[in-house]
Amino acid sequence: MGEVRLRVLYFAAAREAAGVESEEVSLEEEGTDDRGTPYATTEALEELLLGRYPKLKDIFRTVVLAVNMDYVDKGARVKLAPGDEVALIPPIGGG
């Protein structure tokens, strides 16, 4: 199997925890969809990022993911295609 390359964007506390604003990551291909496009999952991305940036563990349970600007339901396992953009968005406080 091949790999799936994605762009990851970090916002607010996620940016501070990772120490980067954005990056390209490669995930191992987990399968192909109906059109033959390879995919990985948000679950695999989470595992990679938490291994790479241990400080993210402190905030990850409150982070919302957005794939190509569409929010992902908490705990959902979403297929990620090559070239997808995934944003890590922590809750924003205000007052």
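Please refer to the structure placed before this passage.
Residues numbered from 1 in each chain as written. Predicted model: local features only at pLDDT ≥ 70, side-chain atom pairs only at ≥ 80, totals over all residues. Heavy atoms only, no water.

Student: What am I meant to see in the overall build of the protein chain here?
Tutor: The helix and strand tally for the protein chain stands at two helices and eight strands. Beginning at the N terminus, the succession of helices and strands in the protein chain can be written as β-α-β-β-β-α-β-β-β-β. Its C-alpha atoms put the protein chain at 45 × 25 × 20 Å along the principal axes. A total of 95 residues make up the protein chain; the buried ones form 37% of that total. Looking at the protein chain alone, contacts between residues at least 24 apart form 55% of all its contacts between residues at least 6 apart. Side chains of the protein chain give 11 positive and 18 negative charges; the mean places of these two sets differ by 4 Å. (Helix = DSSP H or I, 4+ residues; strand = E, 2+ residues; numbered from the N terminus. Buried < 20%, exposed > 50% of the residue type's maximum accessible area, 1.4 Å probe, protein only. Contact = heavy atoms within 4.5 Å. Lys, Arg positive; Asp, Glu negative; His and termini not counted. Charge placed at Lys NZ, Arg CZ, Asp CG, Glu CD.)

Student: Looking at this structure, I do not really get the nonpolar core. What am I missing?
Tutor: Taken as a class, soluble globular proteins show a tendency for nonpolar side chains to be buried jointly. Residues Tyr10, Leu45, Leu49, Leu56 and Leu88 are the most contacted members of the largest nonpolar core, which totals 24 residues. Breaking this core down by element, the ones donating at least two residues are β1 (3-10), α1 (12-18), β2 (22-28), α2 (42-52), β5 (64-67) and β8 (85-89). Looking at which element gives the most residues to this core, the answer is β1, with four residues. Contact partners of Leu88, with chain neighbours within four places excluded, come to Val8, Leu9, Tyr10, Phe11, Ala14, Leu49, Leu56, Phe60, Val63, Val64 and Leu65. (Core = buried A, V, L, I, M, F, W, Y, C linked by side-chain atoms within 4.5 Å.)

Student: How should I be thinking about the sheet that holds strand β7 (residues 79-80) in this particular structure?
Tutor: Hydrogen bonds between backbone groups are what pair the strands of a sheet, and the pairing can be parallel or antiparallel. A sheet is described by the order of its strands in space; here three strands give the open sequence β3-β4-β7, paired in antiparallel fashion. Pairing within the sheet leaves two strands with one partner each, and these edge strands are β3 (31-32) and β7. Pairing of β3 with strand β4 (residues 38-41), which is carried by two bridges, proceeds in the antiparallel orientation. Paired with Gly31 across the strands is Tyr39, a residue of β4. α2 rests against β4 and β7 of the sheet, and its axis sits at about 60 degrees to β4. (Pairing = 2+ DSSP bridges. Axes fitted to C-alpha atoms, helices over the stretch in contact; angles between N-to-C directions.)

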